[in-house]
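# Topology and contacts: notes
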Amino acid sequence: MTVGSVLYLTFAFVPQLDGAARFFDPILDALFPVFMFFILLVTFCKVDFRRMRPARWHAWISIEQFIVVGIIVGLIVGLRPSGNTLVLSEGLLTCIIAPTAAAAAVVTAKLGGNLETMTTYTFLSNLLCALMVPVFFPIVNPSADMTFMAAFLKILYKVFLVLVMPMLLAYIIKHYAPRLHRRIVGVKDLSFYIWAVSLSLVTGTTVKHIVHSNASLTFLLVMAAGSLVVCIVQFAVGRSIGRRHGVKVESGQALGQKNTAFAIWMAYTYLTPLCSVGPGCYILWQNIINSLEIARTPGGAKSA
């Protein structure tokens, strides 16, 4: 994360590097989805597909997310905030309604959690998001030009590209190319280190969005503080729910680790673009929490 931030700030504020910055910017933007694809491909190669099935804690996490989203939407409609207050509300809403991050399975494996149940919930979470966004966003932003089916299919298309395609390829490799499969799973912590590189890329991009957001410093600090509170609460509530089912690691990551790139896309597509600062800050907080969790896990920094 530090590497990504420093690299961006160096290229952004050193005039002699302007040409290099313009050259690498589109390349780095194109590399991030490629990294995500390979992260999931490597992770899914380790999944036992026969053990992927819904669990009881999946339902409780989904119900909690749906209720909280409904409450926030109700408050926005009832209180009718405007200006920065509305943007702040929308920014925090995107942090909550966003689906579980595709890379959550990587961190869950690092923390000793169950890879199959985490992968299953990642799919369920994206489906829940595809249902909630077309329902709630037109209520929050009546000017949003969307129909339920159009938005639902658009989100499902993105889910197919991000999750389904690498899973299908992993399934094919696992069952029809055993030699390649053994080579992939034989590289220790491969998905984790690909994730670490992608984290540098997405952190630099996040810093770029924040720097160029044209928002006041006060508003940025308030949005950052709000997203920090939301991040801590979601991890804590997720772990609390999971503790009752013996899956506090999986449940905490499921509710706390969000697909912030997807949240930023939702903010730009359906809400106020400035509210994307919320999930932009959230990605920094969630990965600091992930880093602390891995550091505190016995052997977490050394073994998958």
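See the structure printed just above.
Below, the discussion takes up the overall build of the chain. Counting its secondary structure elements, the chain contains 13 helices and zero strands. Along the chain, helices (α) and strands (β) appear in the sequence α-α-α-α-α-α-α-α-α-α-α-α-α when read from the amino end. Taken over the C-alpha trace, the chain has a radius of gyration of 19 Å; the compact-globule value for 304 residues is 19 Å, and the two agree within 12%. Taking the principal axes of the C-alpha coordinates as reference, the chain spans close to 55 × 55 × 40 Å. Taking all 304 residues of the chain together, 48% fall into the buried category. In the chain, the share of contacts with a sequence separation of at least 24, taken over all contacts with a separation of at least 6, comes to 82%.

What follows is about the pattern of salt bridges. As enumerated under the stated definition, the model contains four salt bridges in all. With a shortest N-O distance of 4.0 Å, Glu116 and Arg51 are connected by a salt bridge. Of this pair, Glu116 sits in helix H6 (residues 115-140) while Arg51 sits in the loop between helix H2 (18-45) and helix H3 (56-79), and the two are 65 residues apart along the sequence.

A cluster of nonpolar side chains, namely Val77, Leu127, Leu131, Val135, Ile139, Phe148, Met149 and Leu153, defines an oily patch on the protein surface of about 660 Å² accessible area. Of all the secondary structure elements, the ones that give two or more residues to the nonpolar patch are H6 and helix H7 (148-176). Looking at the nonpolar patch, the element that brings in the most residues is H6, giving four residues. Looking at the element boundaries, Met149 is found in helix H7. The exposure class assigned to Met149 is partly exposed, which follows from its relative accessible area of 46%.

The subject of this paragraph is the side chain of Thr43. Residue position: Thr43 is located in helix H2. Excluding its chain neighbours within four sequence positions, the residues that come into contact with Thr43 are Ala105, Val106, Leu115 and Ser191.

What follows covers unusual backbone geometry. Within the chain, Arg80 stands out as a residue other than glycine whose phi angle is a positive 50 degrees. Looking at where Arg80 falls in the secondary structure, it is placed in the loop between H3 and helix H4 (83-97). Although it is not a glycine, Asp189 sits at a positive phi angle of roughly 60 degrees. With respect to the helices, strands and loops of the structure, Asp189 is situated in the loop between helix H8 (178-186) and helix H9 (190-211).

Looking now at the layout of surface pockets. Volume-wise, the largest pocket comes out at about 1400 Å³. Around the largest pocket sit 49 residues that line it, and Asp29, Phe32, Leu201, Val202 and Thr205 are the ones nearest its centre. Where the lining of the largest pocket is concerned, the elements lending two or more residues are helix H1 (2-13), H2, H7, H9, helix H12 (260-270) and helix H13 (277-296). Its residues assigned to classes, the lining of the largest pocket shows 29 nonpolar, 14 polar and six charged. Volume-wise, the second largest pocket comes out at about 330 Å³. Along the walls of the second largest pocket sit Leu111, Ile232, Phe235, Ala236, Arg239, Lys248, Val249, Ile289, Leu292, Glu293, Arg296 and Thr297, which together make up its complete lining. Of the residues belonging to the lining of the second largest pocket, the class tally is seven nonpolar, one polar and four charged.

Before going further, it helps to spend a moment on H6. Compared with an ideal rise of 1.5 Å per residue, which puts 26 residues at 38 Å, H6 spans 35 Å between its outermost C-alpha atoms and is within 8% of the ideal. The principal kink in H6, of about 35 degrees, is found at Val133, preceding the proline Pro134 by one to four residues. Within H6, 19 of the 26 residues are buried, which leaves it mostly tucked inside the rest of the structure. At the N-terminal boundary of H6, the capping side chain belongs to Asn114, with an oxygen 3.0 Å from the backbone nitrogen of Glu116.

Counting 81 residues, the largest nonpolar core has Val69, Val133, Phe137, Trp195 and Met266 as its most contacted members. Top contributing element to this core by residue count: H6, with eleven residues.

Here Trp195 shows up in helix H9. Among the residues examined, Trp195 registers a relative accessible area of 7% and is labelled buried. Along the sequence, Trp195 and Phe32 sit 163 residues apart, while their C-alpha atoms lie 10.0 Å from each other. Residues in contact with Trp195, not counting those within four places in the same chain, are Ile39, Ala103, Val106, Val107, Asn287 and Asn290.

What counts as what
- The written sequence of each chain sets the order in which its residues are numbered from 1.
- Only residues with pLDDT of at least 70 are given local features in this predicted model, and only at 80 or more are side-chain atom pairs given and counted; all residues enter the totals for whole chains, interfaces and linings.
- The side-chain values count all of the structure's non-hydrogen atoms but skip hydrogen atoms and water molecules.
- Only runs of H or I of at least four residues qualify as helices and only runs of E of at least two qualify as strands under DSSP, and these elements are numbered from the N terminus.
- Throughout, the radius of gyration refers to the C-alpha atoms, and the reference size of a globule is 2.2 Å times the residue count to the power 0.38.
- The cut-offs for exposure are 20% and 50% of the maximum accessible area for each residue type, with area from a 1.4 Å probe on protein chains only; residues under the lower value are buried, those over the upper are exposed, and the others partly exposed.
- Whether two residues touch is decided by their heavy atoms; if any such pair falls within 4.5 Å, the residues are in contact.
- A pairing counts as a salt bridge when a side-chain nitrogen of Lys or Arg comes within 4 Å of a carboxyl oxygen of Asp or Glu.
- Patch membership needs two things, relative accessible area over 30% and no salt bridge, and members are linked within 9 Å if like-charged or within 5 Å if nonpolar (Val, Leu, Ile, Met, Phe, Trp, Tyr).
- Using the Shrake-Rupley algorithm and a 1.4 Å probe, accessible areas are obtained, with residue cover drawn only from the displayed protein chains.
- Space inside and on the surface of the protein is sampled on a 1 Å grid over the protein atoms alone, with a cavity defined as a set of points where a 1.4 Å probe fits but cannot get out and a pocket as an open set with protein on both sides within 12 Å along at least 5 of 7 lines; lining residues have an atom within 4 Å of a point.
- Grid points are joined across faces, edges and corners, and a volume is the space filled by probe spheres set on the points.
- Any residue outside Ala, Val, Leu, Ile, Met, Phe, Trp, Tyr, Cys, Pro, Asp, Glu, Lys and Arg is labelled polar, Gly included; the first ten of those are nonpolar and the last four are charged.
- Take the number of residues in a helix, subtract one, and multiply by 1.5 Å to get its expected span.
- What is called the bend at a residue is the angle between a pair of axes, fitted to the seven residues leading up to and ending at it and to the seven starting from it.
- Under the rule applied, a polar contact is a pair of N or O atoms within 3.5 Å (in protein, one hydrogen donor and one hydrogen acceptor; residues adjacent in sequence only if both atoms are side-chain atoms).
- Buried Ala, Val, Leu, Ile, Met, Phe, Trp, Tyr and Cys residues form a nonpolar core when they are joined through side-chain atoms within 4.5 Å.

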